[in-house]
Every structure is written in C-alpha cells, then in structure tokens.
Amino acid sequence: MQVNLDELVFTAVRAQGPGGQNVNKVSSAVHLRFDIGASSLPEGVKERLLARRDQRITAQGVVLIKAQRHRTQDQNREDAVRRLQALIDEAVPAPVVRRPTRPGRAARERRLAHKARRSELKTLRGKMV
C-alpha cells in the first residue's frame, strides 16, 4: 500500500541538538502531517491505524513525524516518508483470528506421562524409610 504524496503536508523547522551555526541558521528538520481520516487508504487500514496506541498519532487522527537525522531537508523529507510508510505497512495486514482449540488425546497422554515421571523423581528425593 503506497502512500499518496499529495496527502502529505511538510513543514520545515530548525533541528535540535549539536551542529553549531548550521543548526541555528538552517531549517533542515521536517515535520510531516498525514490526516488518516481524509486519506485514500482503505477503511480497514484506517481503522487499524487509528486503533494503534502510537504517540505519533493524535486524538484527531493525524500522524505527526519529525525527521531531523540528516543534514539536508531533502534527506529528512525522504526519511519522514519512509517512516510513515513503515507505519502504514504494519497496519495493512489484517490480524489473524485465533480459533480456540483443545489439546488432542496424544498430547494429554504425553502430559500425564511427564507428570508421572516428575512425581516419581520427586518421590525418590525423599527420606528412605
């Protein structure tokens, strides 16, 4: 599921951390905003994204990603898109529904045999009378 670049809003901001004058003068960091509700994603993917407990997703259903790892704005923009794409890719597959099952006869017998062996071993550790 490829994200549509027309639905992304980029804002250039100043990066934090060390870097001297470059950090103080150049707006190389990027804030990416992606509105999940207004996007062209399928409804199931939207629901799974909104259900995630992720601090990057606001209560209004907007994904906010700040990218400031690189020195240039273009690299940070690509990094932000990659991180958004990874977030969406995690929500694409529908969760597998677990069907409750019971252990089979052989599994029950193995369990009981193991319990009997352990019981015998522990009995032998006791005092001999």
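One can find the structure itself at the top, above this paragraph.
The rules we used
Every chain's residues receive numbers from 1 upward, in the order its sequence appears when written. Per-residue local features of the predicted model are confined to residues with pLDDT of at least 70, and side-chain atom pairs are confined, for both listing and counting, to 80 or more; whole-chain, interface and lining totals are unaffected and use all residues. Hydrogens and water molecules were not included; the side-chain quantities draw on all heavy atoms of the structure. Working definition: rings of Phe, Tyr and Trp (its six-membered ring) pair if their centres are within 6.5 Å, and the pair is stacked with planes under 30 degrees apart, edge-to-face with planes over 60 apart, and tilted otherwise. We call a charge positioned above a ring when the Lys NZ or Arg CZ atom is no farther than 6 Å from the ring centre and deviates by at most 35 degrees from the ring normal. Numbered from the N terminus, helices here are DSSP runs of H or I no shorter than four residues, and strands are runs of E no shorter than two. Between buried and exposed lies partly exposed: a residue is buried under 20% and exposed over 50% of the maximum accessible area for its type, with that area taken using a 1.4 Å probe on protein chains only. Salt bridge, as applied in this entry: a Lys or Arg side-chain nitrogen positioned within 4 Å of an Asp or Glu carboxyl oxygen. A pair of strands is considered paired only if DSSP assigns at least 2 bridges between the two. Fitted lines through C-alpha atoms give the axes, limited to the stretch in contact for helices. The angle between two N-to-C directions lies from 0 to 180 degrees.

What about the packing of aromatic side chains?
Line of reasoning, step 1. Evaluated as defined, the whole model comprises zero aromatic pairs.
Line of reasoning, step 2. The residue whose ring lies beneath Arg77 is Phe10, and the NZ or CZ to ring-centre distance is 4.6 Å.

Section: the environment of Glu90
Line of reasoning, step 1. Along the chain, Glu90 turns up in helix α3 (residues 73–91).
Line of reasoning, step 2. Looking at Glu90, the relative accessible area reads 49%, which means it is partly exposed.
Line of reasoning, step 3. Separated by 19 residues in the primary sequence, Glu90 and Arg71 have C-alpha atoms spaced 28 Å apart.

Thoughts on the pattern of salt bridges
Line of reasoning, step 1. Tallying each qualifying case throughout the model produces seven salt bridges.
Line of reasoning, step 2. The salt bridge partner of Arg82 is Asp79, with a shortest N-O separation of 3.8 Å. Of the two residues, Arg82 and Asp79 are both situated in helix α3; the distance of three residues between them amounts to about one turn of the helix.
Line of reasoning, step 3. Arg83 serves as the salt-bridge partner of Asp79, at 3.4 Å between the closest nitrogen and oxygen. With Asp79 and Arg83 both in helix α3 and four residues apart, this pair spans about one turn of that helix.

Quick notes on the sheet that holds strand β2 (residues 29–35)
Line of reasoning, step 1. Taken in spatial order, the three strands of this open sheet run β1-β2-β3, and their pairing is antiparallel. Strands with a single pairing partner mark the edges of an open sheet, and in this sheet they are β1 (8–13) and β3 (62–67). Here the strands of the sheet are splayed against their neighbours by 20° on average, with no regard to which way each runs.
Line of reasoning, step 2. Here six bridges tie β2 to β3, and the two strands are oriented antiparallel to one another. Bridge pairing links Phe34 to Val63 in β3.

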